[in-house]
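Observations on the model geometry
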Amino acid sequence: MTQIIGVIGAGQLAKMLGEAAPDLDLNILALANDADPCAKNTVELMIGDEIDRQVISDFAQHVDVLTFEHEQIKTEIFHDLNVPIYPNVAAVRIAQNRDLEKNFLKDLDIPVPPFFVVNSLAELEAAVTKMDYPCVIKTIEGGYDGKGQKVLKQKTDLASIWRELKEAILIVEAWINFDREVSLVAVRAVNGDILFYPLSENLHRDGILRVSKAPYDDTKLQQLAEKYVTKISNKLDYVGVLTVEFFQCGEQLMANEMAPRVHNSGHWTIEGAQCSQFSNHLRAVSGKPLGSTKPKGYSAMINIIGQWPKQWEKVKNLSWLYLHDYAKASRVGRKLGHLTIVAATAQERDQKLQQVLDVLEL
Ligand SMILES: Nc1ncnc2c1ncn2[C@@H]1O[C@H](COP(=O)(O)OP(=O)(O)OP(=O)(O)O)[C@@H](O)[C@H]1O
Ligand SMILES: [Mg+2]
């Protein structure tokens with residue numbers, strides 16, 4: 001019998017999971033909030049409100065295993081369902097809350113930026129006086145693509161920031177003057193087998209990922225990142241793809257955050273690795289053997305954000321450029337698709353990447 005993988009969420013990550021499913025003889029049923037989600041052409045859909053316990057327990061009746069395309073879930077409604085949930089709800093809970101996440105990482109002796117959690121305007125003011133500028137204030141839950149964050153470069157009116165960030169629990173974090181940002185995408189099977197993709201180097205603008213390049217060839221850093229992610233995933237008894245974002249400072253890595261799911265910085269693996277992060281996530285949660293995480297060459301991934309580039313016609317026929325169009329309407333800051341380049345050498349990859357960025361004016 002073909003297994004049915006239930007995915008909470010039906011955006012572009014579910015779409016790409018859906019693209020990987022047929023080769024593995026798996027079916028995907030995704031829970032969508034509306035009838036016209038991004039994933040509609042690659043998965044079966046059930047429409048319902050994912051914060052409704054009744055909807056989740058009905059959904060669970062229709063699937064063999066449950067997984068997530070995003071971590072903004074109400075974890076308490078996922079208890080006592082009669083299907084396996086991978087990754088487990090405790091892991092998702094930690095990854096969705098910056099306070100739990102940073103303390104969890106600290107307890108594992110994984111460096112994180114200095115931080116204070118604050119519950120009131122007075123606590124916010126006290127925390128900021130203990131930090132140097134710049135520092136960054138983040139909501140502890142619900143942020144993505146740099147949303148729910150304020151960078152303070154100098155003394156600023158904190159009352160308005162407190163109001164703007166919805167008077168929620170916040171975290172004040174030291175701004176790290178990193179050399180670069182890297183992420184490690186790992187996949188762990190039910191039996192504890194774990195594989196790692198090579199590190200990806202990530203370039204952000206305005207808090208949003210613009211470009212990822214992989215492999216970031218640095219054996220020592222790769223080993224250090226693998227050591228940290230092994231600790232994290234063993235401690236959580238994690239199953240599926242897990243991504244950890246790091247700030248690299250010299251030979252050190254500082255964990256920024258973790259994502260309990262397939263990740264934008266791993267999209268290059270679709271064309272650029274033997275087995276993609278999407279295929280490996282499905283393999284892990286369905287109990288199939290993991291596939292090779294070896295790269296096929298040197299890849300770069302470019303996010304298309306906000307609107308489709310006007311000069312698109314000029315690059316669309318390049319044989320080495322792969323297009324993923326999420327078929328979403330334009331909107332400021334929205335991820336509409338991505339492009340992947342795979343080349344034989346890092347130099348050739350960088351040259352092709354620059355060519356595409358220049359033509360598209362990105
Ligand atoms: N403490 C920091 N020091 C330096 N840069 C930071 C810091 N915190 C965040 N940034 C920058 O902002 C980006 C987004 O921050 P972060 O990853 O915390 O937010 P997010 O909204 O959860 O993002 P994501 O889309 O990855 O979920 C980081 O990748 C980094 O470029
Ligand atoms: Mg991030």
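Thresholds applied
Residues numbered from 1 in each chain as written. Chains lettered and ligands numbered in written order. Predicted model: local features only at pLDDT ≥ 70, side-chain atom pairs only at ≥ 80, totals over all residues. Heavy atoms only, no water. Donors = N, O, S within 2.8 Å, 3.2 Å for Na, K, Ca; no water. Helix = DSSP H or I, 4+ residues; strand = E, 2+ residues; numbered from the N terminus. Axes fitted to C-alpha atoms, helices over the stretch in contact; angles between N-to-C directions. Parallel < 35°, antiparallel > 145°, perpendicular 65-115°, else oblique. Contact = heavy atoms within 4.5 Å. Nonpolar A, V, L, I, M, F, W, Y, C, P; charged D, E, K, R; others polar. Core = buried A, V, L, I, M, F, W, Y, C linked by side-chain atoms within 4.5 Å. Buried < 20%, exposed > 50% of the residue type's maximum accessible area, 1.4 Å probe, protein only. Domains from an automatic or database assignment. Buried area = accessible area lost by both parts, 1.4 Å probe. Salt bridge = Lys/Arg side-chain N within 4 Å of Asp/Glu carboxyl O. Near = heavy atom within 4 Å. Polar contact = N/O pair within 3.5 Å; in protein donor to acceptor, adjacent residues only side chain to side chain. Areas by Shrake-Rupley, 256 points an atom, 1.4 Å probe, with all protein chains shown as cover. Pairing = 2+ DSSP bridges.

In this section: the coordination of the magnesium ion (ligand 2). Around the magnesium ion (ligand 2), the protein supplies E245 (OE), E245 (OE) and E257 (OE) as donor atoms, at distances of 2.0 to 2.7 Å. Placement of the pair is E245 in strand β13 (residues 240-249) and E257 in strand β14 (residues 252-259), with a sequence separation of twelve residues.

We now examine the packing of helix α3 (residues 89-96) against helix α4 (residues 98-107). It is the contact of α3 with α4, at a shortest axis distance of 5 Å, that shows an interaxial angle of 105°. By the angle class used here, α3 and α4 are roughly perpendicular. Mapping the contact onto sequence places R93, I94, A95 and Q96 in α3 and R98, L100, E101 and F104 in α4. Grouping the amino acids of the contact of α3 with α4 by side-chain chemistry returns four nonpolar, one polar and three charged.

We now examine the nonpolar core. I5, V7, L17, I28, F278 and L282 are the most contacted members of the largest nonpolar core, which totals 36 residues. Counting residues per element, the ones that place at least two in this core are β1 (3-8), α1 (12-20), β2 (26-32), β9 (180-188), β12 (208-214) and α9 (277-286). Broken down by element, the residue count for this core peaks at five residues, all from α1. Counting residues domain by domain, this core receives three or more from each of domain 1 (3-85) and domain 3 (180-360). Not counting the four nearest positions on each side in its chain, L17 is found in contact with V7, I28, V262, F278, H281 and L282.

The subject of this paragraph is the domain arrangement of the protein chain. By the assigned domains, the protein chain splits into domain 1 (3-85), domain 2 (114-174) and domain 3 (180-360). Each of domain 1 and domain 3 has a C-alpha centre, and these two points are 22 Å apart. Each partner contributes residues to the interface: domain 1 has 20 residues there, and domain 3 has 20 residues. Around 1700 Å² of area is buried between domain 1 and domain 3 when both sides are counted, 69% of it from carbon and sulfur atoms. Put simply, domain 1 and domain 3 have one salt bridge between them. Residue E71 pairs with R261 through a salt bridge whose shortest N-O separation is 2.6 Å.

All right, on to the site of ligand 1 then. Around ligand 1 lies a shell of 21 residues, among which K138, D145, G146, E181 and E257 are the nearest. A distance of 2.8 Å separates an oxygen atom of ligand 1 from a polar atom in the side chain of Q149. Contact with the protein chains hides 93% of the accessible area of ligand 1, taken as 610 Å² for the molecule alone. Residues belonging to the shell around ligand 1 are distributed by class as follows: seven nonpolar, six polar and eight charged. Counting contributing residues, the shell around ligand 1 receives three or more from each of domain 2 (114-174) and domain 3 (180-360).

Following the criterion strictly, the structure yields 16 salt bridges and no others. Close ionic contact of E257 with R98 constitutes a salt bridge, the shortest N to O distance being 3.2 Å. On the criterion of sequence distance, the pair formed by E257 in strand β14 and R98 in helix α4 is long-range, its members being 159 residues apart. For E257, a relative accessible area of 23% gives the class partly exposed. Assessed through its relative accessible area of 7%, R98 is described here as buried.

Time to look at α3. For α3, a buried count of six out of eight residues is recorded, marking the element as mostly surrounded by other parts of the structure. Turning to α3, its buried residues number three or more, namely V89, A91, V92, I94, A95 and Q96.

Here we come to the pairing of strand β6 (residues 135-139). Along β6, five of the five residues are buried, which leaves the element largely enclosed by surrounding structure. The alternating pattern of β6 places C135, I137 and T139 on one face and V136 and K138 on the opposite face, and all of these are buried. Pairing between β6 and strand β7 (residues 149-152): four bridges, direction antiparallel. When the bridges of β7 are listed, I137 appears paired with K150. For β6 and strand β8 (residues 170-174), the ladder comprises five bridges, and the chain directions are antiparallel. The residue of β8 that forms the bridge with C135 is A174.

Once that is clear, we can look at unusual backbone geometry. Of note, the bond from Y86 into P87 is cis; its omega dihedral lies within 30 degrees of zero at -5°. Among the structural elements, P87 can be located in the loop between β4 (65-68) and α3. Of note, the amide linkage connecting Y133 to P134 takes the cis form, showing an omega dihedral of -5°. The backbone phi angle of D237 is positive, close to 45°, even though this residue is not glycine. Positionally, D237 belongs in the loop between α7 (219-235) and β13. We classify D237 as partly exposed; its relative accessible area is 47%. Residues other than glycine seldom take positive phi values, yet E361 does so here, at roughly 55°. In this structure E361 comes out as exposed when scored by relative accessible area, which is 64%.

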